[in-house]
Structures are given as structure tokens and as C-alpha cells.
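Per-entry structural report
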Amino acid sequence: MSDRRPGATAPPLPVWPLTAMFALVPLWWALGAFYLGWSLFGVVLLALLVTRGRVALPPGSAAWLVFLTLVLLSATRLDRATAYLSFGLRFGFLATALVVCVYVHTLVRDGTRWDRVLRPLGWYWLGVVALGWLAVLMPTFALTTPVEMALPHSISGERFIQALTHVRANEFNPQSRTPIYRTAAPYPYTNNWGTAYALLVPCVLAYLTSVRTGRFRVALWVSLPLSVVPAFLTLNRGMFLGLGAGLLYLGLRALVRGNARLIVSIGGLVVLVWVVSLVVPVQEMIDARVSSTDTNVDRMDLYVRTWQAVERSPLLGYGAPKSVDTTLAEEPLGTQGLIWQILYSHGIPALVVFLGWLVLVARRLAAAVSPAGHWLSTVPVIALVVIPVYAYIDPNLSVIFFAVGAGLAAVGGPVNRAPTGPSTMAQPVSLAPWRTRGVGRAAVPAPPVPPPAPQPATGVAAVPLRMPEPLAPPSAPATPPAAVPAPRSAPATPPATFPAPRSAPATPPATFPAPNVAPVVPTPRSATAPPASIAPPSTRAEATTGVPAPRSATTPPPAPATPAQSAGTAVPAPRAAAGPPPAPATPGATAAPRAATAPPPVPAPAVPAAEAVRPPASEPDRPVADAPRQGGTA
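What comes next concerns the included structure. Everything quoted here is computed from the prediction, not taken from an experiment.

How each quantity is defined
- Residues numbered from 1 in each chain as written.
- Predicted model: local features only at pLDDT ≥ 70, side-chain atom pairs only at ≥ 80, totals over all residues.
- Heavy atoms only, no water.
- Helix = DSSP H or I, 4+ residues; strand = E, 2+ residues; numbered from the N terminus.
- Buried < 20%, exposed > 50% of the residue type's maximum accessible area, 1.4 Å probe, protein only.
- Contact = heavy atoms within 4.5 Å.
- Areas by Shrake-Rupley, 256 points an atom, 1.4 Å probe, with all protein chains shown as cover.
- Salt bridge = Lys/Arg side-chain N within 4 Å of Asp/Glu carboxyl O.
- Expected span 1.5 Å × (residues − 1).
- Core = buried A, V, L, I, M, F, W, Y, C linked by side-chain atoms within 4.5 Å.

Quick word on the overall build of the protein
- Counting its regular elements, the protein contains 21 helices and four strands.
- Counting across all 634 residues of the protein, residues that qualify as buried make up 43%.
- Once local pairs closer than 6 in sequence are excluded, the contacts in the protein between residues at least 24 apart make up 79%.
- Accessible surface, the protein as shown: approximately 32200 Å² in total, 65% of it carbon and sulfur.

Below, the structure written as C-alpha cells:
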């Protein structure tokens, strides 16, 4: 927490601490400070988070805090002074991993560019591959580091500290006549290198699938096939098992969701490994190593003795691994697998919480939909698979939490989608045309939309501009119209009193309205009920007033009617009439409607000829920005 005011903007977190922590691994390894100085970077990250103020903890943080509490309680079981040093170092790795996760999660949520966030992990990968090739080219390389010389002999002489500060490129037996050189740098043991490789491959693929430009991307592409050679020389069966489980998990998810592109990517990676296996005889080397050593028997004996010790202290364990002389293996109890280390050192409850955290984040990351999220979701799965045989309470734990923090931010959002190239993480989401329209009367959707079915007009906005006049009494005499329109099927040109055709509407001749006849408004064909203030007509042709329903937004508004056009022309028969057209009416007679089944009590009112022929137009000057998507009324 900080004393920053509540309304102040939080300062952005820098990326350089992660770069110094992960990108400079070869330098820290050569100095002998790769393991001993790792927690110092965690302190720097924690200080920056505290200076920033309040931060959102990623999912699973509460479970990890419970696990740290159980680990601290197990420290009461330590029985020697040197054990406190190894316990403090391991606890520093556990706490630093959580700080890295929170820091990366906050960076992504604050809007830091996605490629900048993942780049330190990419540099870490390049450093591991480069040191792996150093082990291939210089198998016997070893170095006495400055940190080893600076430490007191009582501390540097410990087996655990000696393995961390006196660096070697390979792990091998110096007393053997035919030693097997297995890649280890920058780690003290080859199993740590294999664990890092299995965890980093998905992270590199997450970067390559989300960032499509830049020289750094090219370097990662080149490093992928080059990394297979030192990876095969580790002869780590757990590494191949973890990678295979992660690819199988991702392939099944892609198959269920029908993601053909992801399936092709997994197939390409498998083909690459197969091609390199044709050059490097990895299977023969593994068989030779297993046949010349008793590694399987030693491991099983170590696991049995570890479980027997856990039964005597199941709740808090013993605080740290311990060397004994009762096993066939040379390694202490509580090693050769993280399950056994947590069981022996911290007890059964701590192991349950640790496994629960891995399952929780794996389930959370399973909701990822982006390519980068897909690859990052395999990291906790790989960690679950290799946990029985490999231990990763070291810098590899920070790699897991780095990937989990970025993946959780990608799933929960907001994820930074600033342009970093034509990538799936950088492309903006295309909006529907309805959302991209402007505001105003002239705003319409970009693509043409077919006119919806006309709906009954309601509301104030559907009232025409010209209001009808009061109706005449039903008993008032009325003069019949001068003529009726010609039928639609007549090929001859109608006389001057007939309405003009649709293609070229003409002005009807001047006629005199009959007395006591009120002008009306044409009733729309889809209208089903007249206004409440007007009595229902006896037939469709006798409708006195109505509200026109709009057809489309592009139909021109009707021309204003003149007094001469308000009456004097007969209403044409509806289109649905199937009978023959009636004969022209003589003065004093009334033309019967086509669809009528009984003589009407009053003559049919007249409407303007131009409006009777022309289809009803939509209301003028209606803004469409607020109209519903599928048509309808305002």
C-alpha cells in the first residue's frame, strides 16, 4: 500500500527488472549468482509493487499464500544450522515466484505491450539454448565463480551450495572411464535443464503466435530447431513425457473445438522433433544409459524410504531434505521429484494445497481462446506431469508463474492489443456495421439491408405531416366520382381522368370536389386496424384514414397534396381483386368496389390519383440511428 491519493493514476510498472532477471541468465551463471541472487530480484519487484500501490492479485494467490504459511510452519522441524540456509533459499524461490506472477499480471492489465511483457522470457530461453550448445561443444567446461570464492569455506563446502556456485556445462561422472555428458548449464543438474526446456517451449510458441514482426521473433524461430540437439543430449525421459502430455492436452482441446490451425502447428512441431531424432540417436543413448546404471532401482528405493519417513511426520514434514545412509541412492531423502520433496519437507497438507493450485490455474487457463493463451495453458499441465520425477523449486518455478501470470491476464483481461504486427493478439475486433454508424438523420448502415416486412405503425413519429379534415355526416349526399381507373391489365393508355402509370406519374386533371366530402389519407396495405377515433370501414376500399408504414429508409417522401387532388378521382380497386373490372360509371352512379360482397351504405371516398398509384413512402426526416436492427417502429 502507498499513500497515494484515491483518485490519482497509478504509475506504470517498468519492464527492465524482468529483463535483468531473466535475460541476463548467462551472466549470473558465470558469476555463480544464478541461484543465490535470484531472490534479490524478487525483492526489487516487490518494492516496485508496493510503491505502485494497490494491485489486483491473480486467481490462485490465496492458495499459494496458504502453501507458504505451511512451509514456514515446517521450519520448526529443522534440526541443524546449515539446514536453515537451504530452507531460506528454497522459501525465497517460492515467494519470488508469486511476486513474479503478480508483477507480470499487473503489467498486462495496465496495458503494457504484449511483446514487451513476454520478451524477458524469450531472452531466458535464448540463454538456456546458448548454454546448452556450450555444453555440446565443450563437454568438460567448468568454472570457479567469484561467488564461490567470496563465500566462507564452511558454507561453500556444503554439497548443496557447491553444486550451485561451482558451475559446469554438463552433468557427468568424472570417475567414469566413459562418462555420459548430459546438458546442465545454467542449472547444476540435467533434470533441471530438461524441466526448463519442457516449460519454455510453450512460452516461445506463445510469443511466436502472438507477435508476427521483429528480429527477436526471427531469433526465436532459429533457436527452436537448434535447441533440440542439447535437449536430446540430456536423455531426460521426464522432459519428453511432459512435452508429450502438453501437446496431447492441447491437441485434444483443438480437436474438440475444431481448431485446425492449432492441430497443424502441433503436427509441425512433432515432425520437427522426429526429423532431428533421425540425426541424433537419442533412443540408443537412453537405452545405453539405462543399461549401464541402476537409476530406476535407486529411485524406487529412495521413494519407498521417503514415504516411510513421511508416515512418522505427516503434517509438517522435516523442513528440508536430509541425507541418510539407508538407501541405495546417493541422493538425500525428499529429492528426485517435487512430490517427494514437498511430502518429506513440508507434509501432506502442503502437497495437497500445491496440487490444488496447479489444478486451479490449469482449469482457469483452459478458458483461453487466443493462440498465445492456448500455448500458455499447457504450462501447468506439464508441471503436473513432471512433478513425480522432477523438482522445480528453483528459478524454473518463476518461469511457471511468469507464464501463468501472463496467461491469467490474457484470459481475464483486459489484454493489451496494441499493434505489434498482423497478429491475433494485436488485431482489433471488427464491429458490426450497426455499431460503426454515425449519429444523425443521414446515418445508415454501410451494407444495404433488405427492407423488413411492414409493421403496423404506432407512436407519434408515424403520424403524417398532413392531418385529415373532419369527416362528413354519413347521411349527407355525395356526388359520385367522375370515373374509375382502368384495370392494371388494360394495354391501352388510360384517358386523362385515369391515374398515370407508375413509371411516369402525371398530374390528374382538375376536378371539383363534391360537397361534404372530406379528403382522406391512403390506408396502407398492411394496416390491420384504423385509429381509435375513426369508425371501421365496411370494406378495404372504404377506409377513411390510416397511417402509412415505412418501406425503406431510401424511399422519397410523398409530394404534398393540393386541394384539387384531395377529391375528384376514384380510389382504384385493391390488387387482390380477381373479378373483371367494372364498367365506367355514368354521372350519378357509384362504382362498386371489386372486393365488396354487398353494396356499401355510403359511396367510396376519393383520394388523390398520384398518391393512389405511388407506393406509400416512409416518414420523412426520421433518424435511423435509434431505429432497431430488424426494422419495426420507433
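The discussion continues.
Points about the pattern of salt bridges
- Within this structure, the stated rule accounts for six salt bridges.
- Salt-bridge contacts for Asp79 lead to Lys322; the nearest nitrogen and oxygen are separated by 3.2 Å. With Asp79 in the loop between helix H4 (61-74) and helix H5 (81-109) and Lys322 in the loop between helix H15 (295-312) and helix H16 (338-346), this pair connects stretches of sequence that are 243 residues apart.
- Among the salt bridges present, the one from Arg305 reaches Asp301, with a minimum N-O distance of 3.8 Å. In this pair, Arg305 and Asp301 are both assigned in helix H15, four residues apart and thus about one turn of the helix distant.
- The network of salt bridges with common partners includes Asp79, Arg80 and Lys322.

A look at unusual backbone geometry
- Cis rather than trans, the peptide bond between Ala185 and Pro186 has omega equal to 10°.
- The backbone phi angle of Leu235 is positive, close to 55°, even though this residue is not glycine.
- With respect to the secondary-structure elements, Leu235 resides in the loop between helix H11 (215-233) and helix H12 (237-257).
- Located in the positive-phi region is Gln336, a residue other than glycine, with phi close to 60°.
- Checked against the element boundaries, Gln336 lands in the loop between H15 and H16.

Considering helix H13 (residues 260-279)
- An ideal rise of 1.5 Å per residue puts 28 Å on 20 residues; H13 measures up with 30 Å between its terminal C-alpha atoms.
- Elements in contact with the buried residues of H13: helix H10 (190-210), H11, H12 and helix H18 (371-376).

Some words on the nonpolar core
- In terms of nonpolar packing, the biggest core is built from 123 residues, with Phe22, Trp64, Tyr124, Trp125 and Tyr392 touching the most fellow members.
- At 15 residues, the largest contribution of residues to this core is made by H5.
- Leaving out residues up to four positions away in the same chain, Trp64 has contacts with Leu94, Leu98, Phe354, Trp357, Leu397 and Phe401.

A closer look at the side chain of Ser223
- Assignment of secondary structure puts Ser223 in helix H11.
- Assessed through its relative accessible area of 6%, Ser223 is described here as buried.
- Sequence-distant contacts of Ser223, defined by excluding residues within four places in its chain, comprise Trp125, Leu126 and Val129.

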